[in-house]
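Each chain, letter by letter, is given below.
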Amino acid sequence: MNNYSDHEEYLRNAILNTNESQNLKKSKKTLSSQYFKDLKQELLIKYENKTLDDVMDCKICKTSFGDSFKITTKQKINFNLEDNDFKNQINHNLKLLPKIGLKTEENLKNKGYPTIESLQNHDRYSDIATKFLNNIEDMSFREIVDLLDNNRYSKKCRDNLIKCISLTDVENFKFMDIETKGLSNVPIILIGVAEIKNDKIIASQYFLREYIEEPNIIESYMNHLDEDSIHVTFNGKTFDVPFIKNRCIYNRMDHNLDLPHLDLMYFAKNLWKDMLPNCQLQTIEEEIFNITRIDDVPGQYIPGYYDTYLSTNNIGPVVPIIEHNCQDIISLASFLEKMYEDVN
C-alpha cells in the first residue's frame, strides 16, 4: 500500500528496529520447545493474580445458551477501495457466457465484439448475452461471487473475485479467525471477528473460559452475521468455517455459515508467490508489510498453553493466544486492501 493506515500501528507497536528485526527473523526459525516452555513460565509470573479484565477491554454478552466472554479492540483505519467500475469490467469478460472460452473470446473480440453487450448483435450469442445482461443487474453480491467462482475459467480470472468487492459495503466484511484445541473434533477456544465501521476496525473476540461455554461463543460470533455478510479468512474455507460447522453439529446448534467467502490464502498464492519464500500469514506480514511479531505463540503450542490456563486459573498463557488471534484478523484487512490495489 502507498500509505499505511493507522490501524497498522496496532500490528507495529512491538516492532524492533531494523537490525533487531532481522535478528529476530533469523532466531524465530530456531526457537525450541524449551523456549516456549520458558515463555509460558514467564507469562505465569507476569500475570499472576490478574484477570483478563485487568489487561483488556472485556464484557459479558448474553446468548440463548448462556454467558459469553467478549474482548474488544478498536483501532483507527483508513480502508479505502477506489471505484473500479467493475460491472463494466464484467461486460468485457466474454468467458462468463456459456460455451465461450479463451480462444472463442479472442476470436469474437478480433471480429468486433469486445463486450457482452455487443454480442446482443451476434447471430449465435445474442440471446444468452441479453439474458446475462438482464440478470446481472438484479444479482446480489453473493450471486456475482458465485458466478465468478464457478466459472470454468475462474482460476485464470481469479483477480475478478478481488476486484468485485467494490460492489459491496465494507461493513459487510467479517475478517475471521479461530483458535482451537487441535485440528479436529476438539473445542474452539477463541473466535475473533473484525469489522470496519466508519474510520475504525473493531475486533470482537469470544474466549472460552471453560469448555461448557463453547456454544455460547459460537452463537456470539454468528450474531455478527447476516445475509449480506462476507467471510474474509486465511485458509478459512478449508479450516475455520468447516470447523465451526462441525462444532455446531457437535453442540446441536442451528447454523447458516454458507456465505460469500474470500479466502485470502488463495489470492496471496496467486498474487505474491513469486516474491515470497512461502505464503503463510506471518510471512506476508514480514515480507510485504515489514511487520514482525514478538513472542508470538505458534499454533502447535496453543493447546498446551490453554490447558495450563485451565489448570492454574492464570491468564498468562492465554494472553499471547488472544493477541495472536487479534493480529491475525486485523492483518486480513490490510491484506485485502493491498490485494485490491494490486489487482486494479
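Just above sits the structure.
Read on for a plain summary of the structure. All figures in this text were calculated on a predicted structure; none of them were measured in a lab. (Residues numbered from 1 in each chain as written. Predicted model: local features only at pLDDT ≥ 70, side-chain atom pairs only at ≥ 80, totals over all residues. Heavy atoms only, no water.)

### So, the side chain of Asn 172
- Within the fold, Asn 172 resides in the loop between helix H9 (159-163) and strand S3 (173-180).
- For Asn 172, the residues in contact, after removing those within four places along its chain, are Asp 228, Ser 229 and Ile 230. (Helix = DSSP H or I, 4+ residues; strand = E, 2+ residues; numbered from the N terminus. Contact = heavy atoms within 4.5 Å.)

### Let's talk about helix H10 (residues 214-222)
- Along H10, nine of the nine residues are buried, which leaves the element largely enclosed by surrounding structure.
- Residues Glu 214, Pro 215, Asn 216, Ile 217, Ile 218, Glu 219, Ser 220, Tyr 221 and Met 222 constitute the buried set of H10.
- Contacts made by the buried residues of H10 are with strand S2 (67-76), S3, strand S4 (188-197), strand S5 (200-207), strand S6 (230-233) and helix H11 (236-250). (Buried < 20%, exposed > 50% of the residue type's maximum accessible area, 1.4 Å probe, protein only.)

### Focus: the pairing of S2
- Burial analysis of S2 places seven of its 10 residues in the buried class, the great majority of the element.
- Alignment of strand S1 (residues 57-62) against S2, held across six bridges, turns out to be antiparallel. Following the sheet pairing, Lys 62 is matched in S2 by Asp 67.
- Here S1 folds back onto S2 in antiparallel fashion, the turn holding four residues, of which Gly 66 has a positive phi close to 140°. (Pairing = 2+ DSSP bridges.)

### Here's the deal with helix H12 (residues 264-272)
- Considered for burial, the residues of H12 that qualify are Leu 264, Met 265, Phe 267, Ala 268 and Trp 272. Buried residues in H12, looked at end-on, bunch into an arc of 160°, giving them a common side.
- At its buried positions, H12 is contacted by H9, S6, strand S7 (261-263), helix H13 (281-289) and helix H15 (319-343). (Arc of directions from axis to C-beta.)

### Here we look at the sheet that holds S5
- If you trace the seven strands from one edge of the open sheet to the other, you get S1-S2-S5-S4-S3-S6-S7, paired in mixed fashion. The open sheet has two edge strands with one neighbour each: S1 and S7. Within this sheet the neighbouring strands show an average axis-to-axis angle of 25°, counted without direction.
- Direction of pairing for S2 relative to S5: antiparallel, over a ladder of eight bridges. Pairing of Phe 69 across the sheet is with Phe 207, part of S5. (Axes fitted to C-alpha atoms, helices over the stretch in contact; angles between N-to-C directions.)

### Some details on the state of the cysteines
- One pass over the full model with this rule turns up zero disulfides.
- Of the cysteine sulfurs around Cys 326, a residue in no disulfide, the closest is that of Cys 58, at 12 Å. (Disulfide = S-S within 2.5 Å.)

### Description of a negative patch on the surface
- A cluster of acidic side chains, namely Asp 169, Glu 171, Asp 226, Glu 227 and Asp 228, defines a negative patch on the protein surface.
- Take Asp 169: it is sitting in the loop between H9 and S3. (Patch = residues over 30% accessible without salt bridge, like charges linked within 9 Å, V, L, I, M, F, W, Y side chains within 5 Å. Areas by Shrake-Rupley, 256 points an atom, 1.4 Å probe, with all protein chains shown as cover. Salt bridge = Lys/Arg side-chain N within 4 Å of Asp/Glu carboxyl O. Lys, Arg positive; Asp, Glu negative; His and termini not counted. Charge placed at Lys NZ, Arg CZ, Asp CG, Glu CD.)

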